[in-house]
Amino acid sequence: MKLQEKLNLKSVINASGKMTILGVSKVSDGVALAQKEAGQTFFEMADLVKKTGLYIAELLEVENATVVSSASAGIALSIAGVIGQGSSYHVTHPSTSKIKRREIVLPKGHNVNYGTGVEVMVGLGGGQIVEAGWANECTPEQVEMEINENTAALLYIKSHHSVQKSMLTVSEMADIAHEYDLPLIVDAAAEEDLFAFTKMGADIVIYSGAKALEAPSSALVIGKNPYIPWIQMQNYGIGRAMKIGKDNIIGAVTALEEYLENGSESGESMVGRLAPFVQALNEISGLVAKQVQDSAGREIYRASLQVLSDKISAKEVIARLKQGDVAIYTREYQANNGIIEFDIRMVNKEEMKRIVEKMREIMEG
Ligand SMILES: *Cc1c(COP(=O)(O)O)cnc(C)c1O
């Protein structure tokens, strides 16, 4: 509360999920304490990067890993790594070195905007996007068609942002990559399963720290050698502009340990917490609420609210929710269809009550 008063900031109820625009997630006391200790200590930083990577790799049953500043940085650094292939000349001359193998093949329906474009981060790493298939379809054959002597890697964006239908699987993409002796990079930024994609054959997998893990700003890049060391080399090149602090590296490791021990909230628990919320929303006139599962099939359950009023549209309701001394943020992706979604992972009982009160005030005046 002190920060809000000192800087004149609004209080926020976050029913939108782990969103960058609201600061993503909150760290636990254990993570905050580990960050404090690391922040007040000196390390040999190259050693810290290497050893925390190996520690994470053991926990996640992979060959190697490295903590970077964000999943976006993870994409850019992975691309730079697979293009440079361990060349230290390339690290310091990323755009002028004469390497021609810069093409990165990804399904067209995966070239999405998650806050910035996938293509922007690939470009930052010196890669050139080659889209395979159509906006709404990508088959293994369509990926193969785009591979040539200038292909540096295949890229797969495992996300609710991506097109889901008529899409080849991660395993199919990995099989193609290995048939052509190429690495497969999987951006699994918001995914909860830290084992699945390496098991499916991905060579490099990227997880955003602050999303599933509720770590401070960071990302885990996990996978095989020599790719991980190729990525770590970039810290002396473009990676310098994406430097992560020692406190956040240790925070990420600690959050990972807590996540592996406790997991995230179960689907069952979310369904249980949602029931009274959905019921209370249904008692407000002009609203029909129900429970829905995440569209990408993750174990996340949300309240989906249809606004059926000729006085106010879903978009206007969303705008009103953000007004007042406490701003309530929801998932807005389906507002065009009159639907508002509430993600309750970071909403407690008290906050749900406030949301219901505010909704009643908006709908019934
Ligand atoms: C959130 C997200 C990112 C970016 O993660 P940051 O850690 O915020 O950079 C990248 N890709 C996808 C699919 C995401 O959902």
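Up top you'll find the structure we're talking about.
**Details of the layout of surface pockets**
Piece 1. Roughly 720 Å³ of volume is contained in the largest pocket.
Piece 2. Lining the largest pocket are 37 residues, and of these Lys 18, Met 19, Thr 20, Tyr 114 and Lys 211 lie nearest its centre.
Piece 3. For the lining of the largest pocket, the element with the highest residue contribution is helix H4 (residues 71-84), accounting for 3 residues.
Piece 4. Among the residues forming the lining of the largest pocket, the class breakdown is 13 nonpolar, 14 polar and 10 charged.
Piece 5. Mapping the lining of the largest pocket onto the domain boundaries places at least three of its residues in each of domain 1 (3-22 + 265-364) and domain 2 (42-262).
Piece 6. For the second largest pocket, the calculated volume is near 450 Å³.
Piece 7. In terms of lining, the second largest pocket is formed by 20 residues, of which the most central are Met 45, Val 49, Asn 235, Tyr 236 and Lys 243.
Piece 8. The set of elements that each furnish at least two residues to the lining of the second largest pocket consists of helix H3 (45-59), strand E2 (64-68) and helix H10 (227-233).
Piece 9. Top element by residues in the lining of the second largest pocket is H3. It accounts for 4 residues.
Piece 10. Taken together, the residues of the lining of the second largest pocket break down into 12 nonpolar, 5 polar and 3 charged.

**Digging into the sheet that holds strand E10 (residues 301-307)**
Strands pair in a sheet through their backbones, by hydrogen bonds, and they do so in one of two ways: parallel or antiparallel.
Piece 1. Within the open sheet, the 3 strands sit side by side as E9-E10-E12. Their pairing is antiparallel. Edge strands, defined here as strands with exactly one partner in the open sheet, are strand E9 (287-293) and strand E12 (339-343). For this sheet, the mean inter-axis angle between neighbouring strands, taken without regard to orientation, is 25°.
Piece 2. Taken together, the 5 bridges between E10 and E12 define a ladder with antiparallel strand orientation. Within E12, the position partnered with Ser 304 by the bridge is Glu 341.
Piece 3. Across the sheet, helix H13 (residues 314-321) touches E10 and E12, and the angle it forms with E12 is around 40°.

**Some words on the pattern of salt bridges**
Piece 1. One pass over the full model with this rule turns up 14 salt bridges.
Piece 2. When the shortest N-O distance is used, the salt bridge between Glu 214 and Lys 18 registers 3.1 Å. Taken together, the residues span a long stretch of sequence, with Glu 214 in the loop between strand E7 (204-208) and strand E8 (219-223) and Lys 18 in the loop between strand E1 (11-14) and helix H2 (29-39) at a distance of 196 residues.
Piece 3. Using a relative accessible area of 31% as the deciding quantity, one classes Glu 214 as partly exposed.

**What about the sheet that holds strand E3 (residues 103-107)?**
Piece 1. Strand order across the open sheet formed by 7 strands is E2-E8-E7-E6-E5-E3-E4, with mixed pairing between neighbours. Strands at the two margins of the open sheet, each flanked by one partner only, are E2 and strand E4 (128-132). Neighbour-to-neighbour, the strand axes of this sheet turn through a mean angle of 25°, independent of strand direction.
Piece 2. Relative to strand E5 (residues 151-157), E3 runs parallel, the two sharing 3 bridges. Its bridge partner being in E5, Glu 103 is matched across the sheet by Thr 151.

**Things to note about helix H14 (residues 349-364)**
Piece 1. Here H14 spans 22 Å end to end across 16 residues, near enough to the 22 Å set by a 1.5 Å rise per residue.
Piece 2. N-capping of H14 is provided by Asn 348, with a side-chain oxygen placed 3.2 Å from the backbone N of Glu 350.
Piece 3. Taken from the residues just after H14, Gly 365 is the one with a positive phi, measuring 75°.

**What to know about the nonpolar core**
Piece 1. One finds Ile 56, Val 143, Leu 154, Leu 184, Val 186, Leu 220 and Ile 222 to be the most contacted residues of the largest nonpolar core, which totals 46 residues.
Piece 2. Take this core: its biggest share by element is 6 residues, from helix H11 (residues 246-262).
Piece 3. Dropping the residues within four chain positions of it, Ile 56 is found in contact with Ala 65, Val 67, Leu 220, Ile 222, Val 253 and Leu 256.
Piece 4. Grouped together as the second largest cluster of nonpolar side chains are 34 residues, Ala 280, Leu 321, Ile 328 and Ile 355 included.

**Quick notes on the packing of aromatic side chains**
Piece 1. Following the criterion strictly, the structure yields 2 aromatic pairs and no others.
Piece 2. Ring centres of Tyr 227 and Trp 230 lie 5.5 Å apart, and the angle between their planes is 85°; on these two criteria the pair is classed as edge-to-face. With Tyr 227 and Trp 230 both in helix H10 and 3 residues apart, the pair spans about one turn of that helix.
Piece 3. Judged by its relative accessible area of 14%, Tyr 227 is buried.
Piece 4. With a centroid separation of 5.6 Å and 85° between ring planes, the pair formed by Phe 277 and Phe 342 is classed as edge-to-face.

What counts, and at which threshold
- Residues numbered from 1 in each chain as written.
- Predicted model: local features only at pLDDT ≥ 70, side-chain atom pairs only at ≥ 80, totals over all residues.
- Heavy atoms only, no water.
- 1 Å grid on protein atoms, 1.4 Å probe; cavity = no way out; pocket = protein on both sides within 12 Å on 5 of 7 lines; lining within 4 Å.
- Points joined across faces, edges and corners; volume = space filled by probe spheres on them.
- Helix = DSSP H or I, 4+ residues; strand = E, 2+ residues; numbered from the N terminus.
- Nonpolar A, V, L, I, M, F, W, Y, C, P; charged D, E, K, R; others polar.
- Domains from an automatic or database assignment.
- Pairing = 2+ DSSP bridges.
- Axes fitted to C-alpha atoms, helices over the stretch in contact; angles between N-to-C directions.
- Contact = heavy atoms within 4.5 Å.
- Salt bridge = Lys/Arg side-chain N within 4 Å of Asp/Glu carboxyl O.
- Buried < 20%, exposed > 50% of the residue type's maximum accessible area, 1.4 Å probe, protein only.
- Expected span 1.5 Å × (residues − 1).
- Polar contact = N/O pair within 3.5 Å; in protein donor to acceptor, adjacent residues only side chain to side chain.
- Core = buried A, V, L, I, M, F, W, Y, C linked by side-chain atoms within 4.5 Å.
- Phe/Tyr/Trp six-rings, centres within 6.5 Å; stacked < 30°, edge-to-face > 60°.

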